[in-house]
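Report on the structure
Chain by chain, the residues run as shown.
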Amino acid sequence: MNMHSKTDLRELSYAEAIREAMDIAMVRDERVILMGEDIGVYGGAFGVTGDLVEKYGTDRVMDTPISELGGAGVAVGAAMTGLRPIFEFQFSDFATLGMEQIVNQAAKIRYMLGGAVSVPVVMRFPSGSGTGAAAQHSQSLEAWTAHVPGLKVVQPATPADAKGLLLAALEDPDPVMIYEHKILYKMKGHVPDGYYTTPIGKAAVMREGKDLTIVATSIMVHKALDAAETLAAEGIEAEVIDLRTIRPMDRDTVLASVRKTGRLVCVYEAVKTLGVGAEVSAMVAESDAFDYLDAPIVRLGGAECPIPYNPELEKAVVPQVPDILEAARNLARGRV
Amino acid sequence: MRDTVIPNNVPYAISRYSAEELKEALKKMYLIRKFEEGAEDSYMRGLIHGTMHLSIGQEASAVGSCMSLSDEDKITSTHRGHGHCVAKGADLSRMFAEFFGKESGYCKGRGGSMHIADPSKGNLGANGIVGGGLPIAVGAALSAKRLGTGAVTICFFGDGANNEGAFHEALNMAKVWNLPVVFVCENNKYGMSTSTERSTAVKNIADRAVAYAMPGVTVDGNDFSAVTEAVDAAVERARNGEGPSLVENVTYRWRGHSKSDRNRYRTKEEIAEWQSRDPIAAMAKLLVDHKIATEDEVAGIEADATRIIEEAIAFATEGDNPKIEEVTRDVYTEETAS
Ligand SMILES: Cc1ncc(C[n+]2csc(CCOP(=O)(O)OP(=O)(O)O)c2C)c(N)n1
Ligand SMILES: [Mg+2]
């Protein structure tokens, strides 16, 4: 690994950053293995594992049969007994078949056993819409696992965080679920060289502003930043927060921002109802930051339906930049 | 159907089915091939977003398996489902319209390639979830038994699905409750990039039948007659109240798994070898050899199929897109506030 020269300017795609994190982890720690469907010679459905199988062989880069429940469970058992598996669900939608092992086992074993064991498993969930793959291949189900104590749930939005959060997840003694957005895999960004971790449970202020706070997750962070650019030209200064971890949530960063701006928009791709936005809103409503609000909180989330196939419909059911702009303008101009 | 005793040396399908039925079967096989080619072409020309799973090379399995079914009988299908849909009598225009995401499509543009279904013809749907259709097929068979409809359900699934828990749970329940269902495994040797040798503990998927105390048989899935012989027998057992069976049609997909496949897990030679065992060419030869159809008639059948596909693509192209205001329609049967 090149540690010097102009590596600081180096750009990687989100997928490459994840691969680099896995590569670094596998060099550092013999216990790390990769498991998943078609992650070997195929390189993963989204090319994330790439050619790692050539470097580490099929003993450490294991193609599982199409057995999500079994595969997830094997990863849990291995994590309890000395390995550090990174399990890839080919699409996050298929994690629904592995939910038993995630929710009843991985999340609860440590607690049920009175702390006698830990389950340091890492699971990766390629999520989200925008690929024309319709209702069973496009979901954003991160709130499902975030509802379960015992799990930690992260949603990196940038290549640098995709790498740092994966390395942090491997250091974490408890199960960490990583929701990656499929549309971000090709997105490039600056990624620091070598080993580093991004703390789990810490949000990032991506842009400072005084007029309103936009709390976003995953791909919506980029849409929010786009919108903030346009808003700035109109004289509205939006503060954009990338939540990064949804369990445990970074209360301090969100509340501090709301106290400053007095206005809050939450934007996320998952179905709006009973999701991350509800939690963020409640967090504010239950705190002193509530007193600082000058307007009702606005949530922008996915429509109350499965992701449709038709491309125009598919776009229409998740928040887009114009939706954020409209909400932000209304809030900032006191129309809400 | 002919009601004759099967003479020696005459392939099963020839003695069992009329010339009309056999020519119709050949036509469906051509329709599948040309639907898939048209789909691929539309994708290449950027008319479609998303992905697709083509069943080119597997046409005998789809059409042969459905030969003895009526519209009352059910099927469940898979992500690689276009062929099953055609075999069960779907309208090609509405299939293409769905593929193009149009309101005139089978799923009104909501489902797309992976979810094309025609319940009016007994097709309960393709499925984006590997193994998702297996328990559903058992449920359809349970209905048929309780309601006394006499319907049989054919459950199509791939070799990859046999390692999902749903497969094992479904076969077990089907046997325990003695239900009229036929599990048809289309073993095309790979689940995406993973060969059955690398994923599956038994040699033949049909060997799994032993664990669930039902008949299991492996046949050449590119041989139309062999497929019909095995599946028809299983359908008949199901109809007679003798319970479920497992049939394994060994076949091959000529194209990659989906549009993102670089075919790094198999050789060009292997693909070429299987292409030389074209199930459609074999079926055409079967009909010509047994004087069911002349070569000219075969050419005419193919030309018919080509024309139908062209018309279907034109129909699909002209169709309207769904209305954005109606995007939440059909989430529930009755309009429900969230
Ligand atoms: C539960 C689930 N896991 C994984 C996938 C991704 N996937 C789609 S098709 C496929 C391969 C299926 O193989 P097989 O059942 O043999 O069918 P074939 O594609 O060969 O027709 C995989 C892994 C999925 N759709 N659903
Ligand atoms: Mg297969």
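Residues numbered from 1 in each chain as written. Chains lettered and ligands numbered in written order. Predicted model: local features only at pLDDT ≥ 70, side-chain atom pairs only at ≥ 80, totals over all residues. Heavy atoms only, no water.

A separate point is the overall build of chain A. Secondary structure assignment for chain A yields 12 helices and 14 strands. By the compact-globule yardstick of 20 Å for 336 residues, chain A fits well, its C-alpha radius of gyration being 20 Å. Dimensions of chain A, computed from the C-alpha atoms along their principal axes, are close to 60 × 50 × 40 Å. Going through the 336 residues of chain A one by one, you find that 61% of them count as buried. Taking the intrachain contacts of chain A between residues at least 6 apart in sequence as the baseline, contacts between residues at least 24 apart amount to 81%. In the structure as shown, chain A presents an accessible area of about 12600 Å², 54% of it carried by carbon and sulfur atoms. (Helix = DSSP H or I, 4+ residues; strand = E, 2+ residues; numbered from the N terminus. Rg over C-alpha atoms; globule rule 2.2 N^0.38 Å. Buried < 20%, exposed > 50% of the residue type's maximum accessible area, 1.4 Å probe, protein only. Contact = heavy atoms within 4.5 Å. Areas by Shrake-Rupley, 256 points an atom, 1.4 Å probe, with all protein chains shown as cover.)

The next subject is helix H9 (residues 251-261) of chain A. Residue and element names in this part refer to chain A. Of all the positions in H9, only Thr-253, Val-254, Leu-255, Ser-257, Val-258 and Thr-261 are classed as buried. Buried residues belonging to H9 abut strand S9 (204-207), strand S10 (212-216), strand S11 (238-242), strand S13 (264-271) and helix H10 (276-285). Positioned one or two residues after H9, Gly-262 has a phi angle of 75°, which is positive.

A separate point is the domain arrangement of chain A. Residue and element names in this part refer to chain A. Once the domains are mapped, chain A shows domain 1 (10-190) and domain 2 (204-332). Distance from the C-alpha centre of domain 1 to the C-alpha centre of domain 2: 26 Å. Each partner contributes to the interface: domain 1 provides 29 residues, whereas domain 2 provides 22 residues. Of the roughly 2000 Å² buried at the junction of domain 1 and domain 2 (both faces included), carbon and sulfur atoms supply 56%. On the domain 1 side of the contact with domain 2, Ser-129, Gln-155 and Ala-157 bury the most area, a combined 23% of that side's loss. Linking domain 1 with domain 2 are 1 salt bridge. (Domains from an automatic or database assignment. Buried area = accessible area lost by both parts, 1.4 Å probe. Salt bridge = Lys/Arg side-chain N within 4 Å of Asp/Glu carboxyl O.)

Within chain A, residue pLDDT values average 96, and 97% of them lie at 70 or more. Long-range and interchain partners of residues 1-5 of chain A, a stretch whose pLDDT sits below 50, account for 7 contacts in this model, where long-range means more than four residues apart. (pLDDT = per-residue confidence, 0-100.)

A few words on the interface of chain A and chain B. Where the parts come together, the accessible area they lose is often given as the size of the interface. On the chain B side, the residues contacting the 34 residues of chain A number 42 residues. Summing both sides of the interface, chain A and chain B together bury roughly 3000 Å²; the carbon and sulfur share of this comes to 60%. When the buried surface of chain A facing chain B is broken down by residue, A:Tyr42, A:Ile66 and A:Tyr309 rank first, second and third, together holding 27% of it. The tally of links between chain A and chain B comes to 2 salt bridges. The residue A:Glu54 makes a salt bridge to B:Arg264 at a minimum N-O spacing of 3.2 Å. Applying the counting rule to chain A against chain B returns 14 residue pairs in polar contact (both at pLDDT 80 or more). (Polar contact = N/O pair within 3.5 Å; in protein donor to acceptor, adjacent residues only side chain to side chain.)

Here we take up the sheet that holds strand S2 (residues 32-36) of chain A. All names here are of chain A. The mixed open sheet is built from 7 strands, whose spatial order is S3-S2-S4-S5-S7-S6-S12. Every interior strand has two partners, whereas the edge strands, strand S3 (61-63) and strand S12 (245-247), have only one. Here the strands of the sheet are splayed against their neighbours by 20° on average, with no regard to which way each runs. Summarising the sheet, strand S4 (residues 84-88) and strand S5 (residues 122-127) pair through 3 bridges and their orientation is parallel. For Ile-86, the partnering residue across the bridge sits in S5 and is Val-122. (Pairing = 2+ DSSP bridges. Axes fitted to C-alpha atoms, helices over the stretch in contact; angles between N-to-C directions.)

The subject of this paragraph is the site of ligand 1. Around ligand 1, 23 residues are found, and the nearest of them are A:Glu68, B:His79, B:Arg80, B:Gly128 and B:Gly160. More than one chain reaches ligand 1: the nearby residues come from chains A and B. Here a nitrogen atom of ligand 1 and a side-chain polar atom of A:Glu68 are 2.5 Å apart. Within the side chain of B:Asn188, an N or O atom sits 2.9 Å from an oxygen atom of ligand 1. Residues belonging to the shell around ligand 1 are distributed by class as follows: 8 nonpolar, 9 polar and 6 charged. (Near = heavy atom within 4 Å. Nonpolar A, V, L, I, M, F, W, Y, C, P; charged D, E, K, R; others polar.)

Right, let's talk about unusual backbone geometry for a bit. Here the bond from A:Arg247 into A:Pro248 is cis, since omega is -5°, no more than 30 degrees from zero. As for its placement among the helices and strands, A:Pro248 is situated in the loop between S12 and H9. Of note, A:Arg244 is a non-glycine position whose phi angle comes to about 65°, a positive value. Within the fold, A:Arg244 resides in the loop between S11 and S12. Even without being a glycine, B:Lys189 presents a positive backbone phi close to 80°. Tracing the chain through its elements places B:Lys189 in the loop between strand S3 (181-187) and strand S4 (190-191). Judged by relative accessible area, which is 29%, B:Lys189 ranks as partly exposed.

Here we come to the pairing of strand S6 (residues 216-220) of chain B. Residues and elements named next belong to chain B. Note: S6 against strand S7 (residues 245-250), 5 bridges, orientation parallel. Across the sheet, residue Val-217 finds its bridge partner in S7, namely Val-247. In the classification by handedness, the crossover that spans S6, the intervening helix H9 (residues 224-239) and the parallel S7 is right-handed. (Right-handed = clockwise from strand over helix to strand, strands pointing away.)

All names here are of chain A. Inspection of the secondary structure assignment puts Met-62 in strand S3. Its relative accessible area of 32% is what places Met-62 among the partly exposed residues. Contact partners of Met-62, with chain neighbours within four places excluded, come to Ile-33, Leu-34, Met-35, Gly-36 and Ile-39.

Residue and element names in this part refer to chain B. Strand order in this open sheet of 5 strands is S1-S2-S3-S7-S6, and the pairing throughout is parallel. Single-partner strands in this sheet number two, and they are strand S1 (74-76) and S6. Neighbour-to-neighbour, the strand axes of the sheet open up by a mean angle of 20°, direction not taken into account. On top of the sheet, helix H7 (residues 165-176) reaches strand S2 (153-158), S3 and S7; it is set at about 150° to S3, its chief contact.

Residues and elements named next belong to chain A. Taking burial as the measure, the 5 residues of S4 include 5 buried ones, the bulk of the element. Residues Arg-84, Ile-86 and Glu-88 line one face of S4 and the alternating positions Pro-85 and Phe-87 line the opposite face, and both faces are buried. Looking at chain direction, S2 and S4 are connected through 5 bridges and run parallel. Its bridge partner being in S4, Val-32 is matched across the sheet by Arg-84.

A separate point is the nonpolar core. All names here are of chain B. Counting residues in each nonpolar core, the largest one holds 67 residues, and the members touching the most others are Val-182 and Phe-224. Looking at this core element by element, the count peaks at 9 residues for helix H2 (residues 19-44). In this structure, Val-182 is in contact with Val-152, Thr-153, Ile-154, Cys-155, Val-231, Ala-234, Val-235, Ala-238, Ser-245 and Val-247, ignoring residues within four places of it in sequence. (Core = buried A, V, L, I, M, F, W, Y, C linked by side-chain atoms within 4.5 Å.)

With 24 residues, helix H12 (residues 295-318) of chain B should cover 34 Å at 1.5 Å per step; its first-to-last C-alpha distance of 35 Å lies within 8% of that length. The set of residues buried in H12(B) consists of B:Val298, B:Ile301, B:Ala305, B:Ile308, B:Ile309, B:Ala312 and B:Ala316. (Expected span 1.5 Å × (residues − 1).)

Moving on to the environment of B:Pro279. Residue and element names in this part refer to chain B. On the secondary structure map, Pro-279 appears in helix H11 (residues 279-289). Taking the relative accessible area as the measure of exposure, Pro-279 reaches 1% and is therefore buried. On a C-alpha basis, the gap between Pro-279 and Phe-96 in space is 23 Å, while along the polypeptide they are 183 residues apart. Residue contacts for Pro-279: discarding those within four places in its chain leaves Met-29, Arg-33, Gly-57, Glu-59, Ala-60, Asn-222 and Trp-254.

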